[in-house]
Amino acid sequence: GAGVSQSPSNKVTEKGKDVELRCDPISGHTALYWYRQSLGQGLEFLIYFQGNSAPDKSGLPSDRFSAERTGGSVSTLTIQRTQQEDSAVYLCASSLQGPRLNTEAFFGQGTRLTVV
Amino acid sequence: TQLLEQSPQFLSIQEGENLTVYCNSSSVFSSLQWYRQEPGEGPVLLVTVVTGGEVKKLKRLTFQFGDARKDSSLHITAAQPGDTGLYLCAGSNTGNQFYFGTGTSLTVIP
C-alpha cells in the first residue's frame, strides 16, 4: 500500500478482555516496529521485527503482550487480559531497512485503545 | 537507555514569531529524524540528517545536526497556525529501534 495502515482506529474494551491490533506496513519494507504513546507523551518502544523474526522484544511491558509478523508483511500485536494502564495509542511503523542503516521510519495513524 | 531530551516541552507563541526546539543526548547517533504529529494522527517524517554539522532547510524550517552527532535543533521562522503540533526527534545508531525524544508541543496562536 501507499502508507502504513493500522486497524482498528479506535478500540474500547473491557478490563480483562484480549485485543488484537493489526498493522499493514509499506510494501517491501523489511523492518516493522510497534510503539506506544500515552496522551501527549513521547513514544515508548515495544518491539522490532526484521522480516518475520523479532530480534528485539525488550520493550514489551509484560508477558500479556505478544506480537507476530507473517509473510514479512502484516503484524499483529496482542494484549491479553487488558488492564486500564494499557490504555494508550499504539503506533506501528515500517522502514525499508533496519534502524542501523540510516533508514527512515514511516508511521501509521495509530490505534487508540481504551480499557474500561 | 539512550535518552533524547527535548526542550522546551511546551511552547505557545504568536503567529509570525520565530522559535527553536532542541534535541539533546549524551549518545552519538548515526542519523537523526524530526517528526511532526497532529492530534489523532501518527508522526509524519519531516527530515533526516546524517552528517555532523549538516543543515537542512524545508521552507520555513531549518534543521541542524550537531558536529558530534549528539544533538539537533529545529528552527521555525515566522511561525504559522499550521505549524501547531507535537514535534519529535528520533535517533538511530547500533540499536534495534528509533530512540524518540520526549517531544515539544507547539501552539501557534493566530
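All of these numbers come straight from a predicted model, not from anything done at the bench.

## Section: the side chain of Thr13 of chain A
Here comes step 1: Tracing the backbone through its elements, the reader meets Thr13 of chain A in strand 2 (residues 10–13).
Here comes step 2: The contacts of Thr13 of chain A, once residues within four sequence positions are left out, are Val19, Thr82, Leu113, Thr114, Val115 and Val116 of chain A.

## Concerning the pattern of salt bridges
Residues and elements named next belong to chain A.
Here comes step 1: Within this structure, the stated rule accounts for five salt bridges over all chains.
Here comes step 2: Among the salt bridges present, the one from Arg22 reaches Asp24, with a minimum N-O distance of 2.9 Å.
Here comes step 3: With relative accessibility at 37%, the residue Arg22 sits in the partly exposed group.

## A word on the packing of aromatic side chains
All names here are of chain B.
Here comes step 1: Tallying each qualifying case throughout the model produces ten aromatic pairs over all chains.
Here comes step 2: Here Phe29 and Tyr99 contribute two aromatic rings whose centre-to-centre distance is 6.3 Å and whose plane-to-plane angle is 50°, an arrangement assigned as tilted. Pair noted here: Phe29 is in the loop between strand 3 (19–24) and strand 4 (31–37) and Tyr99 is in strand 10 (residues 99–100), with a separation of 70 residues, a long-range link. With respect to class, Phe29 is no different from Tyr99; both count as buried.
Here comes step 3: Relative to Phe100, the ring of Tyr35 lies with its centre 5.6 Å away and its plane at 40°, an arrangement referred to as tilted. With Tyr35 in strand 4 and Phe100 in strand 10, this pair connects stretches of sequence that are 65 residues apart. Each member of the pair, Tyr35 as well as Phe100, is classed as buried.

## Digging into the environment of Leu45 of chain B
Here comes step 1: Examined against the element boundaries, Leu45 of chain B turns out to sit in strand 5 (residues 44–49).
Here comes step 2: Residues Leu45 of chain B and Pro110 of chain B lie 65 residues apart in sequence; the distance between their C-alpha atoms is 25 Å.
Here comes step 3: Setting aside residues no more than four positions away along its own chain, Leu45 of chain B makes contact with Glu104, Ala105 and Phe106 of chain A together with Gln33, Trp34 and Tyr35 of chain B.

## Considering the sheet that holds strand 3 of chain B
Residues and elements named next belong to chain B.
Here comes step 1: With respect to topology, five strands assemble into an open sheet ordered 1-3-8-7-6, the strand pairing being antiparallel. Edge positions in the sheet fall to strand 1 (5–7) and strand 6 (55–58), since each has one partner strand and no second. Each strand axis lies, on average, 15° off the axis of its neighbour in the sheet, ignoring direction.
Here comes step 2: For strand 1 and strand 3, the ladder comprises three bridges, and the chain directions are antiparallel. Within strand 3, the position partnered with Gln6 by the bridge is Cys23.

## Describing the nonpolar core
Here comes step 1: Among the nonpolar cores identified, the biggest contains 22 residues, and Leu32, Trp34, Leu74 and Ile76 of chain B are the most heavily contacted of them.
Here comes step 2: Breaking this core down by element, the ones donating at least two residues are strand 3, strand 4, strand 5, strand 7 (61–65), strand 8 (71–76), strand 9 (85–92) and strand 11 (104–109) of chain B.
Here comes step 3: What Ile76 of chain B contacts, discounting residues up to four positions off in sequence, is Glu17, Asn18, Leu19, Arg60, Leu61, Asp83, Tyr87 and Leu106 of chain B.
Here comes step 4: Membership of the second largest hydrophobic core comes to 19 residues, among which are Val4, Val19, Ile26 and Ile47 of chain A.

Basis of the calculations
- Residues numbered from 1 in each chain as written.
- Chains lettered and ligands numbered in written order.
- Predicted model: local features only at pLDDT ≥ 70, side-chain atom pairs only at ≥ 80, totals over all residues.
- Heavy atoms only, no water.
- Helix = DSSP H or I, 4+ residues; strand = E, 2+ residues; numbered from the N terminus.
- Contact = heavy atoms within 4.5 Å.
- Salt bridge = Lys/Arg side-chain N within 4 Å of Asp/Glu carboxyl O.
- Buried < 20%, exposed > 50% of the residue type's maximum accessible area, 1.4 Å probe, protein only.
- Phe/Tyr/Trp six-rings, centres within 6.5 Å; stacked < 30°, edge-to-face > 60°.
- Pairing = 2+ DSSP bridges.
- Axes fitted to C-alpha atoms, helices over the stretch in contact; angles between N-to-C directions.
- Core = buried A, V, L, I, M, F, W, Y, C linked by side-chain atoms within 4.5 Å.

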